[in-house]
Amino acid sequence: MSSRRSVALHLLESARRRGISHAFGVHGANIEDIYDAASRLGMPAVVAKHEFAAGAMADGLARMTNGPALVLTTSGGGAMNIVPALAESYDSRVPVLAVVGAAPSSLTTRGAFQDMLDPPDTIDIVGLLTSVTGHVELVADASELEPALKSVFATLDRGLPAALVIPKDVQSQTIWDTGVDAHHEPATHSTTRSPTALMETAGRLADAVGRGERICLWIGDEASRTRAGTALRRIASRLGASVVAAPGGADALEDVDGHAGITGVMGHPSAHAELVAASICVSIGCRMTATDRGGFDAELADTEIIHIGINDARPQRGSSILVDSLPSALRLLDESLAALGLTQGAAPTVDIDYLDTPELPHSAFPSLRQIMNTVSSHLRSGTRVFADAGNVGAAAIHYLTPISDGRFTVALGMGGMGYAIAAGIGAAIGSAHQGRVVIVAGDGAFFMHGMEFHTALEYDAPVTLVILNNDAHGMCVTREHLFFPEAASVNRFRPTDIAGGLAAMFGTRTEVRHPASLSDLDSACADLFADTGPNVIVVDCDPDEVPPFQPFLPKGQ
């Protein structure tokens, strides 16, 4: 039976049918009708401390669930603050839907507060969002909502963020509810846009195996998000292939003898060696960005590269098979290899090698490797790890991955500091049933978005925030030392007692540890990773330590 309901309620009900369980945002005048509708619908609408963090929370949840997520913001400063979060989602191909409330239609072009719909007199919010999303729709009337939803959901199905801009008065307009939305189901995808190409690739790989050629699988973030590990394991076994992973694919495949580690500037020499030694590289869900490649393009010049993925590689080279469903495509590839007589066998034995970083013989602090090894030793099955940018990110990629039966996420699209704090908290709130989240971030990231820990407390999120405090922007200190040795440092801070500050603010609601030694850190990890609610560990480290980052090390390392 048909009835009428508000645009705001219809929007959220449509989003929920598409698998969106939570909304993240910051409340404000031009978005309050959406928040009211969320309350009526029973959809948790998380209020973050900052709109960038709200966008990152949605991004982090989308990466964990491999489905769309929702962020809400009012116009003006709120809409501007969400842009960098959407930029990360766009560059990393994460389906986040941003709903931006605009000033009432009657006040547009009349100098309304936070009007962004009258360019060039005002900021052009539609044009601005167009640059960081796959599609933007301005819903100027209730009659425009259904076609707008169809467009934005189709964009989300392609793995891109999208945005709806809806004036406040339009949010409260009513729309007929027939009980059925034509767009409420995700698009059904075929295995690939060219199944024949996958079967031909299976034949090419089977021939290579028969000739004794060396094959390496290069796993990326698409394989991680779609949890394609079982099929990957079988394919590697049939091909006798070694396996390497880009940073975004670090958790896609673990516990495999042939796993040689992580590629890229923060990766392992063993991964580099396996990749360049192969005559055929099969890139699976890896876009082969400059960060993934780590500057060894010249060494790959003679390697045959076959790319299989939802998105094309960067840069495009070799043959590329674009698919709509990576798990389905890998199942077809595995079945095709089996049909050609390739049985599962033993993977090659490969040891992971680590970069040799300069020692600090007189340092009073534990090394990044010691810290990461201690954290790693206490990660429980299913733990989801979010690593932030800078020295911390480099150390986490190098020493914490792969994580057995868990997840590892590092956002290298924009490389923005503070992303991991917000994204990890969003994932912990929105998918608490999946287990604990451990966030590893530096003090610089904490000073940017660390107060989102308050959001974790408000929602009793199962999250541990591990802050490595060197009273500096550590990677920038290293760059100053290497490339501008005569210049005075602008990246060292006066000492800050982060643990003491957090304990004073939240100590009655959570536990904050500040271990003075590695043994204390060991105890803190053992205790707090087993906890149920939010907590914090602050570890002091040395700002002069050079991280495992190839551009900072002697050539040839």
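Residues numbered from 1 in each chain as written. Predicted model: local features only at pLDDT ≥ 70, side-chain atom pairs only at ≥ 80, totals over all residues. Heavy atoms only, no water.

This brings us to the packing of helix α1 (residues 7-17) against helix α6 (residues 145-157). Two numbers describe how α1 lies on α6: the axes approach to 11 Å, and their chain directions differ by 30°. Classed by the angle they form, the pair α1 and α6 counts as roughly parallel. In this structure, the crossing between α1 and α6 has a hand that is right-handed. Facing V7, H10, L11, S14 and A15 of α1, the residues of α6 in contact are L145, E146, L149 and F153. Taken together, the residues of the contact of α1 with α6 break down into six nonpolar, two polar and one charged. (Axes fitted to C-alpha atoms, helices over the stretch in contact; angles between N-to-C directions. Helix = DSSP H or I, 4+ residues; strand = E, 2+ residues; numbered from the N terminus. Parallel < 35°, antiparallel > 145°, perpendicular 65-115°, else oblique. Left-handed = near helix turned anticlockwise from the far one by under 90°. Contact = heavy atoms within 4.5 Å. Nonpolar A, V, L, I, M, F, W, Y, C, P; charged D, E, K, R; others polar.)

A few words on the pattern of salt bridges. The final tally for this structure, using the stated rule, is 21 salt bridges. With its nearest N and O atoms 2.9 Å apart, the salt bridge here joins E458 to R509. With E458 in helix α18 (residues 453-458) and R509 in the loop between α20 (498-506) and β19 (511-513), this residue pair connects regions lying 51 residues apart in the sequence. Members of the salt-bridge network, linked through shared partners, are R204, R211, E213 and E304. (Salt bridge = Lys/Arg side-chain N within 4 Å of Asp/Glu carboxyl O.)

Taken as a whole and assessed by the stated rule, the structure comprises six aromatic pairs. Taken together, the ring pairs connect F446, F447 and F493 into an aromatic cluster. The ring of Y90 has R93 lying over it, and the distance from NZ or CZ to the ring centre is 4.9 Å. Directly above the aromatic system of Y354 lies the positively charged group of R369, at a separation of 4.5 Å from the ring centroid. (Phe/Tyr/Trp six-rings, centres within 6.5 Å; stacked < 30°, edge-to-face > 60°. Lys NZ or Arg CZ within 6 Å of the ring centre and 35° of its normal.)

Moving on, we get to helix α8 (residues 195-210). In this model α8 runs 23 Å from its N-terminal to its C-terminal C-alpha over 16 residues, within 8% of the 22 Å that 1.5 Å per residue would give. Burial in α8 covers these residues: A197, L198, T201, A202, G203, L205, A206 and A208. Contacts from the buried residues of α8 go to β9 (215-219), α10 (229-239), β12 (280-284), β13 (304-309), β14 (319-322) and α13 (326-339). (Expected span 1.5 Å × (residues − 1). Buried < 20%, exposed > 50% of the residue type's maximum accessible area, 1.4 Å probe, protein only.)

Quick look at the pairing of β9 now. Along β9, five of the five residues are buried, which leaves the element largely enclosed by surrounding structure. Bridging between β9 and β12 involves five bridges; their strand directions are parallel. Paired with W218 across the two strands is S283, which belongs to β12. When β9 meets strand β10 (residues 242-245), the two strands line up parallel, connected through four bridges. Note that in β10 the partner of I219 across the bridge is A245. (Pairing = 2+ DSSP bridges.)

Once that is clear, we can look at a nonpolar patch on the surface. Together, L482, F483 and F484 line one region of the surface with nonpolar side chains, adding up to about 300 Å² of accessible area. Along the polypeptide, F484 turns up in the loop between α19 (474-483) and α20. Taking relative accessible area as the criterion, F484 reaches 52% and is therefore assigned exposed. (Patch = residues over 30% accessible without salt bridge, like charges linked within 9 Å, V, L, I, M, F, W, Y side chains within 5 Å. Areas by Shrake-Rupley, 256 points an atom, 1.4 Å probe, with all protein chains shown as cover.)

Quick look at the pairing of strand β16 (residues 407-410) now. Alternating residues of β16 divide into R407 and T409 and F408 and V410, and every residue in both groups is buried. Note that strand β15 (residues 384-387) and β16 share four bridges and pair parallel. What sits directly across from A387, in β16, is V410.

On the basis of which strands lie adjacent, the open sheet formed by six strands has the order β11-β10-β9-β12-β13-β14 and parallel pairing. A strand with exactly one partner marks an edge of an open sheet, and here the two such strands are β11 (259-262) and β14. Shown here is a sheet whose adjacent strand axes are inclined to one another by a mean of 15°, direction ignored. In the sheet, β12 pairs with β13 via five bridges, with the strands oriented parallel. Bridge pairing in β13 places I284 opposite I308.

Let's shift gears to the sheet that holds β15. Here six strands make up an open sheet; going across it, the order is β16-β15-β17-β18-β20-β19 and the pairing parallel. Two strands lie at the open edges of the sheet, namely β16 and β19, each paired on one side alone. The average angle at which neighbouring strand axes cross in this sheet is 15°, direction not considered. Across four bridges, β15 lies against strand β17 (residues 437-442) in parallel orientation. Along β17, the bridge assignment pairs R384 with V437. Against the sheet, helix α3 (residues 51-65) engages β15 and β16, with an angle of about 140° to β16.

So, about the packing of helix α15 (residues 390-399) against α19. For the pair α15 and α19, interaxial distance at closest approach is 6 Å and the crossing angle is 100°. When the axes of α15 and α19 are compared, the pair comes out roughly perpendicular. Packed against α15, whose contacting residues are G390, N391 and A394, the element α19 presents G474, M475 and T478 at the interface.

Attention now goes to the environment of E545. With respect to the secondary-structure elements, E545 resides in the segment after β20 (535-540). You can call E545 buried: its relative accessible area is 9%. Residues E545 and V477 lie 68 residues apart in sequence; the distance between their C-alpha atoms is 9.3 Å. Filtering out sequence-adjacent residues up to four positions away, E545 remains in contact with L360, P366, S367, L368, R369, N391 and T478. A polar side-chain atom of E545 sits 3.0 Å from the main-chain amide nitrogen of L368. (Polar contact = N/O pair within 3.5 Å; in protein donor to acceptor, adjacent residues only side chain to side chain.)

Turning our eyes to something else, we now look at unusual backbone geometry. The linkage connecting P119 with the following residue, P120, adopts the cis geometry, with an omega of 5°. Mapped onto the elements, P120 comes out in the loop between β5 (96-102) and α5 (125-130). A positive phi angle, near 60°, is found at R93, a position not held by glycine. One non-glycine residue, D460, adopts positive backbone phi at about 50°. A residue is classified by how much of its surface remains accessible, and D460, at 53% relative accessible area, is exposed.

Turning our attention to the nonpolar core. Residues L217, I219, L239, M372, L400, F408 and L468 are the most contacted members of the largest nonpolar core, which totals 73 residues. Residues contacting L400, with those up to four places away along its chain left out, are M372, V375, S376, L379, V385, A395, F408 and V440. Core analysis: the second largest hydrophobic core is formed by 62 residues, V136, F386, I425 and V536 among them. (Core = buried A, V, L, I, M, F, W, Y, C linked by side-chain atoms within 4.5 Å.)

Below, the discussion takes up the layout of surface pockets. When its volume is computed, the second largest pocket comes out at roughly 370 Å³. Elements with a contribution of two residues or more to the lining of the second largest pocket: α3, α4 (77-92), α9 (221-225), α12 (290-293) and β16. Ranked by the residues each element gives to the lining of the second largest pocket, the list is headed by β16, at four residues. Among the residues making up the lining of the second largest pocket, the classes are represented as eight nonpolar, eight polar and nine charged. (1 Å grid on protein atoms, 1.4 Å probe; cavity = no way out; pocket = protein on both sides within 12 Å on 5 of 7 lines; lining within 4 Å. Points joined across faces, edges and corners; volume = space filled by probe spheres on them.)

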